[in-house]
Amino acid sequence: MLVRTVFHTFSSFRGVPMFQVMQALMAAKSQRDPKGWQQFQAAVSGLKLTRSRLLREAEEVAAALEAARKREREAGREDEYDTAIGQWDEAEGAGVEGPRTAKSTLKIVLVTGFESFNVDLYKKAAVQLARVCPAISLRVFSDRDIGPRQAEIEAALRGADVFFGSLLFDFDQVEWLRERVGQVPVRLVFESALELMSSTQVGSFKMGDGGKSKGPPPAVKKVLSLFGSGREEDKMVGYLSFLKVGPKLLKFLPGQKVKDLRTWLTTYSYWNQGGLDNVVSMFLYLAKECFAVEGAQGDAVQPKPVVETPATGCLHPQHAGYFSTPADYMRWYSQHGPVRDPAAPTVAVLLYRKHVITDQAYIPDLIECMEREGLRPVPIFINGVEAHTVVSLLAGGPLQGPAATKGGLISQPVHVVVVDEADGFTCAVWEHGVASGPPAKGLSAVPFLVCQVRDLLTTSHEQQLVRGGQVTSPTLKRDAVLVDAVVNTIGFPLVGGPAGTMEGGRQAEVAKAILSAKNVPYVVAAPLLIQDMASWVRDGVSGLQSVVLYSLPELDGAVDTVPLGGLVGDNIYLVPERVTRLASRLRKWVALRKTPPQERRLAILVYGFPPGVGATGTAALLNVPKSLEAILAQLRRQAAQGEGYDLGDLSDDIDGEAVVEALKRVQDNQRAISEGAKGILSRGAGAGAEKLGVHAAAADITPAELKRMLTFPEGWGPTEWGPIPFLPDPKVLVQRMERQWGELGRYRGIATSAKGDSVVSGLQFGKVFIGVQPLLGVEGDPMRLLFERDLTPHPQYAAFYKWLQSDQGFNASAVLHLGMHGTVEWLPGASLGNTGLSWSDVLLGDLPNVYVYACNNPSESIIAKRRGYGTMVSHNVPPYGRAGLYKQLAELRALLQEYREAPENNEALRGPIVKVLTEAGLEEDCPFDPANEEVVLTEETAEQLEPAAFQDYVSRLYQYLLVLENRIFSEGLHVLGQPPNHEQAAQYLSAYFGDKLSGEAVQAVSQAAPQDSLADVRARLEGLYRQQPTAGSSGGNGAVHAEPQEEVLGEALRIQRLLGSNTEELQSVVRALNGEYVLPEAGGDLLRDGAGVLPTGRNIHALDPYRMPGIAALDRGTKAADAILQAHRAANGGAWPETVAVNLWGLDSIKTKGESVAIVLAMVGARPLKEGTGRIARFELIPLEELGRPRIDVVCNLSGIFRDSFQNVVELLDDLFQRAAAVDEPPEQNFIRKHALAMSGQGLRNTAARLFSNPAGDYGSMVNERVGAGNWESGDELGDTWVSRNAFSYGRGAERGTARPEVLQELLKTTDRVVQEIDSVEYGLTDIQEYYANTGALKRAAEAAKGPGARVGCSIIEAFSKEVRPRELEEVLRLEYRSKLLNPKWAEAMAAQGSGGAFEISQRMTAMVGWGATVDFREDWTWDQAAQTYAFDPEMAARLRKANPQAFSNVLRRFLEAAGRGMWNADPDMLQKLQQMYAELDEEIEGVSI
């Protein structure tokens, strides 16, 4: 019967795509059997996740088998290297003879790190050494061998005479090596972690003191202190300077200790110069100097002198040798270079010197590929650790007289180092030929130059500054080469290089000064040197590689990072397709500089998601209509100066709200869209907009055109794609889209015409286009929300962005995304490190992307920066307000005050107090007896209470009202480029300083004029005191003022002026659109991070991930964890929670410097372990005896941003949990181990997995989408959705999104509490959808896993507060609703913001439904008061209805939904009125749409 039914069902759908048939069947099932449908969903989701994991594991097994077969094949081949080391095991071991004793054999073990590309070179050196000196045996390993070949390396080290290590930084590897190299007689470690470098020993010379050294070896510190500029940022430069010139200095000095030091320095010189001959000679030199090893003929070993290559220079594949300067290079290039068009962009390309001198094949490929794309590269190789400085010795003896211009250098400083054996290392330095005193008798001197690479390059901007008399660099060369952009192919910070990695970006200020003077785009685009190509394509750029390529360069203001290739084995390969993307983006950036503004074509995009709720033209914390007005006015002002954009006939009287209304008209009219572009153009933008000079714009993109736009060239093959794991079909993007949305020619969906064309629409005036970013295409489609992990954009979405760039379309010069945030950067693709198949890369193409973003959200902004190529321009947050008290709350406070004045005389107030208390719904906020919920306080029972009991309750109520009254909220929305007025400045200052600054002081500072000094402010303050002698401060009557400290008043004045610099927001937008450098700054907010986040208008970035958690964060997080555990035990009879779920979000982690990570550590019982530079290298377990309690198990729910931005922290946490699960401790004292053992007993794998998130490259729980669309039946269903989206495990090795739903489910069964941090005032639980969609849904999922009736607690930590006090979720919800959404002060401020304010109110009503759905927060007073505030206040309802009808419709719809779903016991009359209002408004909106 079932088969026949299904057959007939399918027969009735002949000709209909199978996906639509299945969709119809599943929709019918969901309607007829909701509970069964939910169980079906959960079962299918779990099976799909398990299948995905098994498929991935099968792929990994297949890859491992293939690798093993390859090794087996290679094992049978004759290999010169294997022959060269073949006698290793039979040779004598170390320690038989000491250094400097003639040895018949010499064993050397070499382990290299970041230079694994040199493994082949070192093996060739081993072969040559065996020929030249058979006594020498060199074993070569890379850091990647320390895992799979650990036993082999350990055995080799046991018999070694020499250990040589280079560029080794991984903490675990460093610790492993340190424990095993100590018995090796000679140890040389270069440019590695200090702990390993400190093991260096050559004879009597020893590097350090067992890892405690915080800098260079003590033996050279005195000499080293005289190298470099003496500035902190140049310390590493000075160190390297000494390493280079040291051997030439020390040859003047006698003594064995100095000789050993010289041996070490000479060895470094060989290694640093690189190349096969130098490497061979380096080991021969060591054999001769340290072991007296004989050569092949029994004679003494004779190493060749160091073959020096320039420290810097330029090169080209068509030229033999190197050019000494860019000027020399350009003189040659102008005659012989392939690109001689003078208009071609000239791009400085910084190359890693070691790659150049080892002839890495990718370098000529990169240069030639850039030239094919029309760029003129200036390839400059540098050491990598000192990009701004190069040191070279001068020929000749001691310098005589002042240093004049040499080699074109202007006022070049010359350092003369004078050394003396008498007391070890006595030195002096001459700068510009001037010494502090004459050299003493018998001293020797060697001069050298310090030459800045920055002085070899210049820009038109810098030259303009110089012509104006400004000195950008006193050493700028006269023949410095003009460049249009700078590309760094090394990564790391510009100043300091890999050394800067360990210094936490403290040299960024120097880099900013350099790049500001150049004022051209600074791009980091490099091949991956730590990660192989396959893992990049599969999992995205990860771990330390992401820090090198993204996190650290962003501190300098780098934009448009493009991975250019990666490792295949030990070799570096290029992906030419990525070079093409880099080149195309550079061309567009340079074109912005060279194209006059009136000829540029600018696309401005606003947002309209979710649909149908008035979201068009809105952004978080930003008044988009007013900001549009400000931007267009700025462009007009430029036009008035002859430098502006072509705005057509746009009116001087710009009305942003009218523009947004016109956008809605062209965007939402479905009848017009069905007719295609002509339907939109015929209807126009509306009379109001047309009068302003704003016109409709539209285009039809046929399916054939879209396919062409999304198809790679037919001839593309391995040459273009490089050695990525698979060769994409030219139509791969079209194929993926059609798998998702059906055949393009038959697609009739979002924004498609009746003919099947994708319709692109917007507004245009002159050469400026304003459009609404297309919808993602998931809203309202629960099938895809549940079952499609990897959504592709729908056809019209892709057509929209492609049309913006197309020569046949708008042909935009740049795009400006206005506000936080869009969706293009969140599209499927590599989680980090765009490939050619990442949809954000595909759709943004070569468009320069200027992105206006709230300064307090560095977390999501780095997604826009990294995946969306966004040059960020930060804007300030709105002013802060204090909640105050209103309506019944104000009335209650007055009653409480009156009662407290004389309780015995005011007993009659008991009843009124309880009456108002009940009307306000405060009995839940502040229960009479928290320990006994059955005690209900009524007007009657209040009269019967003992006076002391009631007085105690009144005191608690009063204190609660004080807390509520002083709650801070974000008031209204910010307007781009608008500085705060006096009142708003006072709000910022009052919120920031609190009690540290009196009201009079705040007023005095907020009214300060730009020219006012601190003394002027102090005088104004005294005047205010004299005018207001009351309220705690008086003047003239002998009373003492509460004088603010000078330091506090000065800080307040500085903040006031920085707030007044909001105008830089607009200036930075203009600078970015000019293709200029935008200053970087850490994102954050004033209350939490202080004045450092100001002024806004900056290219914001995140923090150094290797310092998480910070010291203060560790302290606060530990206190928070202790408080959470104490509160939980108090509420649960002293029982410890076995498992706590902690949400790790990127935003709060960045802003708090890792407080939530610190909470995890405290729960587990662990602390950070730092290596010598301060970098956190491990989370070590605290012994149980010291901890004094059980280890709490923690399941960490990672936001997609945390997962992608802090992969080093993810790996450290995973390592912690793996060790905690394996440590030999009683399970009852270690819940991690207890649960891991239990799961292992069930046959589960990786039972120590504790870090769960969305699928790799994907974001969000999808719960908010379901709530927004109303596509849910029960809270458990939403919990299942959360589980299905967060069952992917992350950690070390291959754990990069492995589906482990069974492990997550077992952990949820033991979860007793959820922990969530709130990082800022602006984004509370009730303000955005993400909190209920993650925190709420996680809580619901845990309760469902534990079984019927189970309750899971939820602790909220408000990280912006100075106190560390966890509150229960329900308490915080009540506080937030009372202080914001239900507060007339907040409501008025938001309603005053027009359409955007109405939308913000609307979104909070949706969030209220979300909390009711996920955690059953269903208290009638919230809905009652919300209805009175927004629906039944005639004036407010009229304002919202006029400003944004769709948003107000959503407000009304949420009231009705809440009542319909049982969240609100609404009064029937109230409900009827709401239904009538909703029906009338719906008809009105439909009428407008038609």
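Definitions and cut-offs
- Residues numbered from 1 in each chain as written.
- Predicted model: local features only at pLDDT ≥ 70, side-chain atom pairs only at ≥ 80, totals over all residues.
- Heavy atoms only, no water.
- Helix = DSSP H or I, 4+ residues; strand = E, 2+ residues; numbered from the N terminus.
- Buried < 20%, exposed > 50% of the residue type's maximum accessible area, 1.4 Å probe, protein only.
- Contact = heavy atoms within 4.5 Å.
- Areas by Shrake-Rupley, 256 points an atom, 1.4 Å probe, with all protein chains shown as cover.
- Pairing = 2+ DSSP bridges.
- Phe/Tyr/Trp six-rings, centres within 6.5 Å; stacked < 30°, edge-to-face > 60°.
- Lys NZ or Arg CZ within 6 Å of the ring centre and 35° of its normal.
- pLDDT = per-residue confidence, 0-100.
- Right-handed = clockwise from strand over helix to strand, strands pointing away.
- Axes fitted to C-alpha atoms, helices over the stretch in contact; angles between N-to-C directions.
- Parallel < 35°, antiparallel > 145°, perpendicular 65-115°, else oblique.
- Left-handed = near helix turned anticlockwise from the far one by under 90°.
- Nonpolar A, V, L, I, M, F, W, Y, C, P; charged D, E, K, R; others polar.
- Salt bridge = Lys/Arg side-chain N within 4 Å of Asp/Glu carboxyl O.
- Patch = residues over 30% accessible without salt bridge, like charges linked within 9 Å, V, L, I, M, F, W, Y side chains within 5 Å.
- Lys, Arg positive; Asp, Glu negative; His and termini not counted.
- Charge placed at Lys NZ, Arg CZ, Asp CG, Glu CD.
- Polar contact = N/O pair within 3.5 Å; in protein donor to acceptor, adjacent residues only side chain to side chain.
- Expected span 1.5 Å × (residues − 1).

Focus on the overall build of the protein chain
The number of helices and strands found in the protein chain is 62 helices and 40 strands. The 1490 residues of the protein chain split such that 61% are buried. In the protein chain, the share of contacts with a sequence separation of at least 24, taken over all contacts with a separation of at least 6, comes to 75%. Of the roughly 54900 Å² of accessible surface on the protein chain, a fraction of 52% belongs to carbon and sulfur atoms.

Side note on the sheet that holds strand S36 (residues 1288-1290)
Two pairing modes exist for strands in a sheet, parallel and antiparallel, and in both the strands are linked by backbone hydrogen bonds. An order of S37-S36-S35-S34-S31-S38-S39-S40 is seen for the eight strands of this open sheet, with the pairing classed as mixed. Strands at the two margins of the open sheet, each flanked by one partner only, are strand S37 (1296-1299) and strand S40 (1367-1368). Bridge count for strand S38 (residues 1311-1318) against strand S39 (residues 1353-1358) is six bridges, and the pairing is parallel. Looking at S39, one finds that Val1315 is bridged to Ser1355.

Focus on the packing of aromatic side chains
Summed over all chains, the structure comprises 39 aromatic pairs. Consider the rings of Tyr270 and Tyr285, whose centres lie 5.8 Å apart with planes at 50 degrees: the pair is tilted. Of this pair, Tyr270 sits in helix H11 (residues 256-273) while Tyr285 is found in helix H12 (residues 276-291), placing the two residues 15 residues apart along the sequence. You'll find Tyr270 and Tyr285 in the same group, each marked buried. On the basis of an interplanar angle of 55 degrees and a centroid distance of 5.8 Å, the ring pair of Phe1455 and Trp1464 is categorised as tilted. Note on accessibility: Phe1455 and Trp1464 belong to one class, buried. Among the aromatic residues, ring-to-ring pairing joins Phe164, Phe190, Phe205, Trp264, Tyr268, Trp271 and Phe283 into one connected group. The ring centre of Phe810 lies 4.5 Å from the NZ or CZ of Arg601, which sits over that ring. Just above the ring of Trp1136 sits the side chain of Arg1129; from NZ or CZ to the centre is 4.0 Å.

A short note on the environment of Leu529
Checked against the element boundaries, Leu529 lands in strand S17 (residues 527-532). Taking the relative accessible area as the measure of exposure, Leu529 reaches 18% and is therefore buried. Linking Leu529 and Ile490, residues 39 residues apart in sequence, is a C-alpha distance of 9.2 Å.

Some words on the confidence of the model for the protein chain
The share of residues in the protein chain with pLDDT of 70 or more is 83%, and the mean pLDDT across the chain is 84. Segment residues 94-98: pLDDT under 50, and nine contacts once partners within four positions in sequence are set aside and those in other chains are kept. Low confidence marks residues 782-789, where pLDDT is under 50. Its contacts with residues over four positions away, or in another chain, come to 26 contacts.

As for the pairing of strand S24 (residues 814-818)
Burial runs high along S24: five of the five residues are buried. Side chains of S24 alternate between two faces, with Ala814, Leu816 and Leu818 and Val815 and His817 buried alike. Both strand S20 (residues 602-606) and S24 contribute to a ladder of four bridges, which runs parallel. Paired with Leu605 across the two strands is His817, which belongs to S24. As paired elements, S24 and strand S25 (residues 849-854) share four bridges and run parallel to each other. Along S25, the bridge assignment pairs Leu818 with Val852. In the classification by handedness, the crossover that spans S24, the intervening helix H32 (residues 839-844) and the parallel S25 is right-handed.

Points about the sheet that holds S17
Reading across the sheet, the three strands line up as S17-S18-S19 and stay open at both edges, with mixed pairing between neighbours. Each edge of the open sheet carries a strand with a single partner, namely S17 and strand S19 (571-574). Taken over all neighbouring pairs, the strand axes of this sheet differ in orientation by 40 degrees on average, direction set aside. As judged from the two bridges shared by S17 and strand S18 (residues 565-568), these two strands associate in the parallel manner.

Description of the packing of helix H56 (residues 1369-1379) against helix H59 (residues 1420-1431)
Across the interface, H56 lies against H59 with an axial gap of 11 Å and an inter-helix angle of 10 degrees. As the angle between them shows, H56 and H59 are arranged roughly parallel. Where H56 crosses over H59, the two elements pack in a sense that is left-handed. Of the residues in H59, those touching H56 at Arg1374, Tyr1377 and Arg1378 are Trp1421, Thr1422 and Gln1425. Grouping the amino acids of the contact of H56 with H59 by side-chain chemistry returns two nonpolar, two polar and two charged.

Things to note about helix H43 (residues 1064-1073)
Taken across its 10 residues, H43 has seven buried, putting it largely inside the fold. By the burial criterion, the buried members of H43 are Glu1065, Leu1066, Ser1068, Val1069, Val1070, Ala1072 and Leu1073. Looking one or two places after H43, you find Gly1075, whose phi comes out positive at around 75 degrees.

Here we look at the environment of Pro310
For Pro310, the position within the fold is in the loop between H12 and strand S7 (313-314). Exposure remark for Pro310: the relative accessible area of 35% places this residue in the partly exposed category. Measuring from C-alpha to C-alpha, the distance between Pro310 and Ile357 comes to 9.5 Å, with 47 residues separating the pair along the chain.

A closer look at the pattern of salt bridges
Enumeration over the complete set of coordinates arrives at 81 salt bridges. Between Asp1327 and Arg1404 there is a salt bridge, with its nearest N and O atoms 2.9 Å apart. Linking Asp1327 in the loop between S38 and helix H55 (1330-1346) with Arg1404 in helix H58 (residues 1395-1415), this pair joins segments that are 77 residues apart in sequence. Judged by relative accessible area, Asp1327 falls into the buried class, the value being 6%. Since its relative accessible area comes to 7%, Arg1404 is described here as buried. Across the salt bridge formed by Glu1388 and Arg1439, the nearest N and O atoms sit 2.7 Å from each other.

Some remarks on unusual backbone geometry
Here the amide bond leading from Met820 into His821 is cis, since omega sits at -15 degrees, within 30 degrees of zero. Tracing the sequence through the fold places His821 in the loop between S24 and H32. Here the bond from Met1108 into Pro1109 is cis, since omega is 0 degrees, no more than 30 degrees from zero. Locating Pro1109 in the fold gives a position in the loop between strand S30 (1099-1101) and helix H45 (1111-1131). Here the phi dihedral of Asn811 falls at roughly 60 degrees; this positive angle occurs in a residue that is not glycine. If you trace the backbone, Asn811 turns up in the loop between helix H31 (795-805) and S24. One non-glycine residue, Lys1153, lies in positive phi territory at about 65 degrees. Along the chain, Lys1153 falls in the loop between helix H46 (1146-1152) and helix H47 (1155-1164).

Focus on the environment of Ala558
Its location among the elements puts Ala558 in the loop between helix H20 (543-555) and S18. Counting along the chain gives 35 residues from Ala558 to Val523, while the straight-line C-alpha distance between them is 5.2 Å.

Observations concerning a negative patch on the surface
Residues Glu1480, Asp1482, Glu1483 and Glu1486 make up a contiguous surface patch of negative charge. Structurally, the position occupied by Glu1486 is in helix H62 (residues 1468-1489). For Glu1486, a relative accessible area of 43% puts it in the partly exposed group.

A few points about the side chain of Arg600
Note on placement: Arg600 falls in the loop between helix H21 (576-594) and S20. Comment: no salt bridge for buried Arg600; closest opposite-charge side chain is Glu1076, at 7.2 Å. A polar atom in the side chain of Arg600 sits 2.8 Å from the backbone oxygen of Leu592. Residues contacting Arg600, with those up to four places away along its chain left out, are Leu592, Thr595, Tyr645, Lys767, Ser813, Leu1073 and Asn1074.

Here's the deal with helix H61 (residues 1445-1460)
In this model H61 runs 22 Å from its N-terminal to its C-terminal C-alpha over 16 residues, within 8% of the 22 Å that 1.5 Å per residue would give. Count one or two residues on from H61 and you reach Gly1462, which has phi positive near 80 degrees.

Structural notes on the side chain of Thr1298
When you line up the elements, Thr1298 lands in strand S37. Once residues lying within four places of it in the same chain are set aside, the contact partners of Thr1298 are Arg53, Ala1287, Phe1288 and Ser1289.

Digging into the pairing of strand S4 (residues 186-190)
For S4, a buried count of five out of five residues is recorded, marking the element as mostly surrounded by other parts of the structure. As paired elements, strand S3 (residues 162-166) and S4 share five bridges and run parallel to each other. Considered in S4, the bridge of Val162 is made with Val186. This β-α-β element, S3 to helix H7 (residues 171-181) to S4, shows right-handed connectivity.

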